[in-house]
Amino acid sequence: MIIFAVIAFINFIISGILGCIIFLKGAEKTKSKFFSFYLFTISLWNFGYYLWQISVTGKSAMFWCVFLMIWAILIPLFYINFVFDFLNIDKLKKYRRLNYLAYFLTFVFIVLDFTDLFIKNVDEKLYLNYWPKAGPLYFLFLIFFAFYIFLGFYLLIKEYFREKRIGNQIRQ
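Predicted, not measured: the structure shown is a model, and the values here were computed from it. Position labels on residues start from 1 in each chain and follow its written sequence. The predicted origin of the model limits local features to residues at a pLDDT of at least 70 and limits the giving and counting of side-chain atom pairs to 80 or more, whereas totals for whole chains, interfaces and linings rest on all residues. Excluded from the side-chain calculations are hydrogens and water; all other atoms, namely the structure's heavy atoms, are used.

Focus: the overall build of the protein chain
The cut-off we apply is this: Helix and strand labels come from DSSP, where a helix needs a run of H or I of at least four residues and a strand needs a run of E of at least two; each type is numbered from the N terminus. Type-normalised accessible area, obtained with a 1.4 Å probe on protein chains alone, sets the label of each residue: buried when under 20%, exposed when over 50%, and partly exposed for intermediate values. Using the Shrake-Rupley algorithm and a 1.4 Å probe, accessible areas are obtained, with residue cover drawn only from the displayed protein chains.
Per the secondary structure count, the protein chain includes 5 helices and 2 strands. Order of helices (α) and strands (β) in the protein chain, N terminus to C terminus: α-α-α-α-β-β-α. With the principal axes as the frame, the protein chain shows a C-alpha extent of 65 × 30 × 30 Å. Here the protein chain holds 172 residues, and 37% of them are scored as buried. Of the roughly 10,600 Å² of accessible surface on the protein chain, 72% is carried by carbon and sulfur atoms.

Examining the packing of helix α3 (residues 58-86) against helix α4 (residues 93-113)
Our working rule: Note on geometry: axes are lines fitted to C-alpha atoms, helical ones only across the stretch in contact, with angles between N-to-C directions running from 0 to 180 degrees. For classification purposes, angles smaller than 35 degrees are called roughly parallel, those larger than 145 roughly antiparallel, those between 65 and 115 roughly perpendicular, and all remaining angles oblique. Throughout, a contact is declared for two residues whenever any of their heavy atoms are within 4.5 Å.
Here α3 crosses α4 at 175°, and the two axes come no closer than 9 Å. Between α3 and α4, the interaxial angle falls into the category roughly antiparallel. Packed against α3, whose contacting residues are Val-66, Met-69, Ile-70, Ile-73, Leu-74, Leu-77, Ile-80, Asn-81 and Phe-84, the element α4 presents Tyr-95, Leu-98, Asn-99, Ala-102, Tyr-103, Thr-106, Phe-109, Ile-110 and Asp-113 at the interface.

A look at the nonpolar core
Selection rule: Here, nonpolar core refers to any group of buried Ala, Val, Leu, Ile, Met, Phe, Trp, Tyr and Cys residues whose side-chain atoms link them within 4.5 Å.
Ranked by size, the top nonpolar core spans 37 residues in total, and within it Met-69, Phe-84, Phe-109, Phe-118, Phe-141 and Leu-155 carry the most contacts. Listed by contribution, the elements that provide at least two residues to this core are α2 (30-53), α3, α4, β1 (119-125) and α5 (138-171). When residues in this core are grouped by element, the largest group, 16 residues, is from α3.

Observations concerning unusual backbone geometry
Of note in this structure, Asn-88 is not a glycine but carries a positive phi near 55°. The class of Asn-88 is exposed, set by a relative accessible area of 56%.

Here we look at the pattern of salt bridges
This is how it is decided: Note on definitions: salt bridges are taken to be side-chain nitrogens of Lys or Arg within 4 Å of carboxyl oxygens of Asp or Glu.
Across all of its chains, the model carries 2 salt bridges by this definition. For Arg-162, the salt bridge identified is with Glu-159, shortest N-O distance 2.8 Å. Here Arg-162 and its partner Glu-159 are both found in helix α5, 3 residues apart, which amounts to about one turn of the helix. On the basis of relative accessible area, Arg-162 is assigned to the partly exposed category, the value being 34%. Exposure remark for Glu-159: the relative accessible area of 23% places this residue in the partly exposed category. Linking Arg-162 and Glu-163 is a salt bridge whose minimum nitrogen-to-oxygen distance equals 3.0 Å. Through salt bridges with shared partners, a single ionic network connects Glu-159, Arg-162 and Glu-163.

A word on a nonpolar patch on the surface
Counted only if it meets this: The residues that make up patches have over 30% relative accessible area and no salt bridge, and they are joined within 9 Å when like-charged or within 5 Å when they are Val, Leu, Ile, Met, Phe, Trp or Tyr.
A cluster of nonpolar side chains, namely Ile-2, Ile-3, Val-6, Ile-7, Phe-9, Ile-10, Ile-13, Ile-14, Ile-17, Leu-18, Ile-21 and Ile-54, defines an oily patch on the protein surface of about 1,000 Å² accessible area. Along the polypeptide, Ile-54 turns up in the loop between α2 and α3. Accessibility expressed as a relative area gives 37% for Ile-54, which makes it partly exposed.

Here we look at the environment of Phe-34
Tracing the backbone through its elements, the reader meets Phe-34 in helix α2. Separated by 118 residues in sequence, Phe-34 and Gly-152 have C-alpha atoms that sit 13 Å apart. Sequence-distant contacts of Phe-34, that is, excluding residues within four places in its chain, are made with Phe-78, Asn-81, Phe-82, Asp-85 and Tyr-103.

Rendered as structure tokens:
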């Protein structure tokens, strides 16, 4: 459907521009680098999504699905790196271990992305001509993705309420 392609293209442009602005404005700060890398991965995922949506053959659709999944795999890695650095907890041992695990799993999933264990093929589904069919190990990626995204949200929200509580104590 063309609307999905148009939205993906708009997201590609906007997240790419924002990533460039943040990278150029804060090039010396690791927080800015990680956030801009996070935006670049979102941008490139949308680029692949756009090209998958406008594919006219199953072979090209499969190529663009593999391409977009590379960037989808990288999204949680750069997101959690940004969160750890933003909260200044990246040097703590338990978070460093989680970060090393994220790098390792990212590598594993990128390798798996090129096999039919990750994406078997593309088939017609509902009103879409080429829908990727998940391989037997794809669910592990979904667990990885959800874990690191929710972990980042949890840590940010926890810090927000900690700061809010401290601010309220200072005002009293």
